[in-house]
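# Descriptive analysis of the structure
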Amino acid sequence: MDIEQDIVIVGAGISGLTASLALHSYGLRSLVLESSECLRTTGYALTLWPNAWRALDAVGVGDHLRQHSVPFRGIQVGSVDTGFPTGELAFEQNKYGKHECRRVRRKGLLEALEKELPQGTIWYSSKVVSIEESGHSKLVQLADGCVIRTRVVIGCDGVNSVVAKWLGLPTPISAGRSSIRGFAEYPAGHFFKPNFYIYFGGGVRFGFVPCDDKSISWFCNFNLSNATWHQNMSEEPVKLKAFVLSKIVNIPREVSDIVQRTEVGSISCAELKMRLPWDILLRDIAKSSICVAGDALHPMTPDLGQGGCSALEDGVILARCIGESFLKIPRKDVGDGKEDVDPKVVAFKKGVENYAKERRWRSFSLIAAAYAIGFVQASENKFICFLREKFLSMLTVAAVLKMADFDCGNLDIYPQFS
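Since this is a predicted model, take the numbers as computed values, not measurements.

Within the structure shown, the criterion is met by eleven aromatic pairs. An aromatic cluster of three or more residues is present, and its members are W49, F91, F196 and F219. Above the plane of the ring of W166 lies K287, whose end atom (NZ or CZ) is 5.3 Å from the centre. Above the face of the F406 ring, R362 is positioned so that its terminal group lies 4.2 Å from the ring centre.

What follows is the structure in structure tokens.
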């Protein structure tokens, strides 16, 4: 089966669904190809910072998600080595707080975005195997033999992106660390205040966040050079739990109890990947109306908490760049003319180019800042440890807030073109 569709988005993750919904605001239809049989809702929860909430408000789902989440009051920082607190930062409180930050279930976020899309926008079980150029069109071939002729391809297909590979972007590398994550439930409720709690030092970065009054998600990022870590542990949750507990023996008992009460089925481990930041500057992130977004563009370490947030940014900004270029076409010319002079081809190409220009430096900054913050927070170097205990710990927290203070802008709602 061969079909035609102006815009094809590869991947129904956060960036893909956001881009599709934002494009829909401009009356631009897209087809989202998802290789899985349903939404990929694996993963427990995401911390969404102010930039994410601005993007969610732009696509109209922010208020719905706020009803199912609790705003954080601030950040509490402590030392893994001593267990003592090293600083605290309270968020300003106004309508939503200058630093609005909430923990949201990944499943709830994806379902909220999907619900707003027109029926039939997402094709499940649709794995892309190749992309070819044919004049001004692109031929996207699926594993089942279907070929889709399109003008724009947006790769939102994660770290192992097929679209990024087509653009010539190098494969993301290991960041030299792994992350163990867990989800603990408290049927009778817990007593932790709605804050972001983090402890670091000695090659470890441990933190936890209440999702609501009966559940807490936690993480433990650590250097792979750690002498007590063995790669075969990654598939054994019991050993993962024991490893984490051995690294946080000095922190308060009530905190380590979060890990202790976590069911082994709610613990996972993954090696952290990142794209070299200079690859973003020196390589093509968009070419011939083909581009990438989300983890396909800027896989980074989780030390900024910006993976999902920046994916939301990408989706909104990409849609706005394409939509604004498309709106400059005289209405009488939309859809007219032969393909080699079709103004839609020019508009789509310009929109994708504008997106690449706007996101290049932001993506570079996010990757570099995330790595630098993680390096400082988890370093075992004695000199860095000394500086961290004195002042660097809160300086890294301030950097996290600064990177989160980004506004992707609003979307104007326009009537449908067709």
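Back to the text.
Judged by nonpolar contacts, the single largest core of 101 residues is most densely connected at L48, W49, I75 and I154. For L48, the residues in contact, after removing those within four places along its chain, are W53, L56, E100, C101, R102, V104, C309 and L312. In this structure, Y186, V204, L245 and I267 belong to the second largest nonpolar core, which totals 25 residues.

Let us look at the pairing of strand β12 (residues 152-155). Residues V152 and I154 of β12 are buried on one face, and the alternating residues V153 and G155, pointing to the opposite face, are buried as well. Across four bridges, the pairing between strand β2 (residues 7-10) and β12 is parallel. Note that in β12 the partner of V10 across the bridge is G155. Bridge count for β12 against strand β19 (residues 290-292) is three bridges, and the pairing is parallel.

It is worth spelling out the sheet that holds strand β11 (residues 147-150) at this point. Spatially, four strands are ordered β1-β11-β10-β9 in an open sheet, and the strand pairing comes out mixed. The open sheet has two free edges, formed respectively by β1 (2-4) and β9 (128-134), since each of these has just one partner strand. The average undirected angle you get between the axes of adjacent strands in this sheet is 20 degrees. Taken together, the four bridges between strand β10 (residues 137-142) and β11 define a ladder with antiparallel strand orientation. Paired with L139 across the bridge in β11 is R149.

Basis of the calculations
- Residues numbered from 1 in each chain as written.
- Predicted model: local features only at pLDDT ≥ 70, side-chain atom pairs only at ≥ 80, totals over all residues.
- Heavy atoms only, no water.
- Phe/Tyr/Trp six-rings, centres within 6.5 Å; stacked < 30°, edge-to-face > 60°.
- Lys NZ or Arg CZ within 6 Å of the ring centre and 35° of its normal.
- Core = buried A, V, L, I, M, F, W, Y, C linked by side-chain atoms within 4.5 Å.
- Buried < 20%, exposed > 50% of the residue type's maximum accessible area, 1.4 Å probe, protein only.
- Contact = heavy atoms within 4.5 Å.
- Helix = DSSP H or I, 4+ residues; strand = E, 2+ residues; numbered from the N terminus.
- Pairing = 2+ DSSP bridges.
- Axes fitted to C-alpha atoms, helices over the stretch in contact; angles between N-to-C directions.

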